[in-house]
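Take a look at the letters that make up each chain.
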Amino acid sequence: MIGLIQKVLLDMVEDLGGPETAVALKRRVGLADDFVFRIDTDYDDAQMQALLAAACELLQVDADAAFALYAKYFLRAALELFPAFFRMSDSARAFLARQPAIHNIMASGLRDPERRQVINDKFWVMDQPGRPLEVNYRSDNQWCPLFLALAREVAAHYGETVAIEIAQCRKRGAAQCSFHLEFARKGTDG
């Protein structure tokens, strides 16, 4: 998992719980107090799972609440680090239709072609006019709630709401997750 994910999680924990809570989080997963995640480096997915579990314990929230909080922090970081990604799109739909390409750009600097391919294969989108945006996600992490929270935050950023239908979910035994997203300007019926 690209280190930007971990960095934002640590920033969130520090913001919500203070610097001592961020240090406690690092210690719980065996990291040095001064360890810093690089946003251009691939880290072990199991370590991120452990970070998330420990963050939930320290902040006393469940994973869904943590993902909802995290989505706000991630969007803020992404807007600061990658403003061009947001300027390229005039709507949440346009942005999320581009999301697999953006995701893959993040992986393009990885040296290990096998790991790069795993990241590239996580998302694909079908964007057909007049139909909901179909987002397909495949990951052993099964963090579809994080994607859904991020989709809601992206919609809010563009002044929109999003209705999400979960057509398939790995948590329910499917081979992948598939979401159908329909967007509306805030204050309209769709």
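Structure first, text after, so check above.
Rules of the game
Residues numbered from 1 in each chain as written. Predicted model: local features only at pLDDT ≥ 70, side-chain atom pairs only at ≥ 80, totals over all residues. Heavy atoms only, no water. Helix = DSSP H or I, 4+ residues; strand = E, 2+ residues; numbered from the N terminus. Buried < 20%, exposed > 50% of the residue type's maximum accessible area, 1.4 Å probe, protein only. Contact = heavy atoms within 4.5 Å. Pairing = 2+ DSSP bridges. Axes fitted to C-alpha atoms, helices over the stretch in contact; angles between N-to-C directions. Expected span 1.5 Å × (residues − 1). Polar contact = N/O pair within 3.5 Å; in protein donor to acceptor, adjacent residues only side chain to side chain. Core = buried A, V, L, I, M, F, W, Y, C linked by side-chain atoms within 4.5 Å.

Draft legend 1. View of the overall build of the chain. From N to C terminus, the chain includes eight helices and four strands. For the chain, the succession of helices and strands along the chain, N to C, is α-α-α-α-α-α-α-β-β-α-β-β. Here the chain holds 190 residues, and 42% of them are scored as buried. For the chain, the share of sequence-separated contacts (at least 6 apart) that also reach a separation of at least 24 residues comes to 62%.

Draft legend 2. Examining the sheet that holds strand 4 (residues 177-185) more closely. Here we have four strands laid out as an open sheet, ordered 1-2-4-3, and antiparallel in their pairing. Two strands bound the open sheet, and with one partner strand each, they are strand 1 (123-126) and strand 3 (160-168). Between one strand and the next, the sheet's axes are offset by a mean angle of 25 degrees, whatever the strand orientation. Pairing of strand 3 with strand 4, which is carried by eight bridges, proceeds in the antiparallel orientation. Counted as the bridge partner of Gln168 is Ser178 from strand 4. Sheet strands touched by helix 8 (residues 144-157): strand 1, strand 2 (133-137), strand 3 and strand 4. Its angle to strand 3, the strand with the most contacts, is close to 155 degrees.

Draft legend 3. The arrangement of helix 8 in detail. For helix 8, spanning 14 residues, the distance from its first C-alpha to its last is 20 Å, which sits close to the expected 20 Å at 1.5 Å a residue. Most of helix 8 sits out of view: eleven of its 14 residues are buried. Inspection of helix 8 places Cys144, Pro145, Leu146, Phe147, Leu148, Ala149, Leu150, Ala151, Glu153, Val154 and Ala155 among the buried residues, and these make up the whole buried set. Just downstream of helix 8 lies Gly159, where phi reads positive at about 75 degrees.

Draft legend 4. Region of interest: helix 4 (residues 63-81). Helix length check: helix 4, at 19 residues, gives a terminal C-alpha distance of 25 Å against a target of 27 Å (1.5 Å per residue), a fit within 8%. Where helix 4 is buried, its residues contact helix 1 (3-17), helix 3 (45-59), helix 5 (83-87) and helix 8. Capping the start of helix 4, Asp62 holds a side-chain oxygen 3.3 Å from the backbone nitrogen of Asp64, two or three residues further along.

Draft legend 5. Looking closely at the nonpolar core. The biggest cluster of nonpolar side chains holds 55 residues, and the ones touching the most others in it are Leu96, Trp143, Phe147, Phe179 and Leu181. Elements supplying a minimum of two residues to this core: helix 1, helix 3, helix 4, helix 5, helix 6 (92-107), strand 2, helix 8 and strand 4. When residues of this core are assigned to their parent elements, the largest contribution, nine residues, is made by helix 8.

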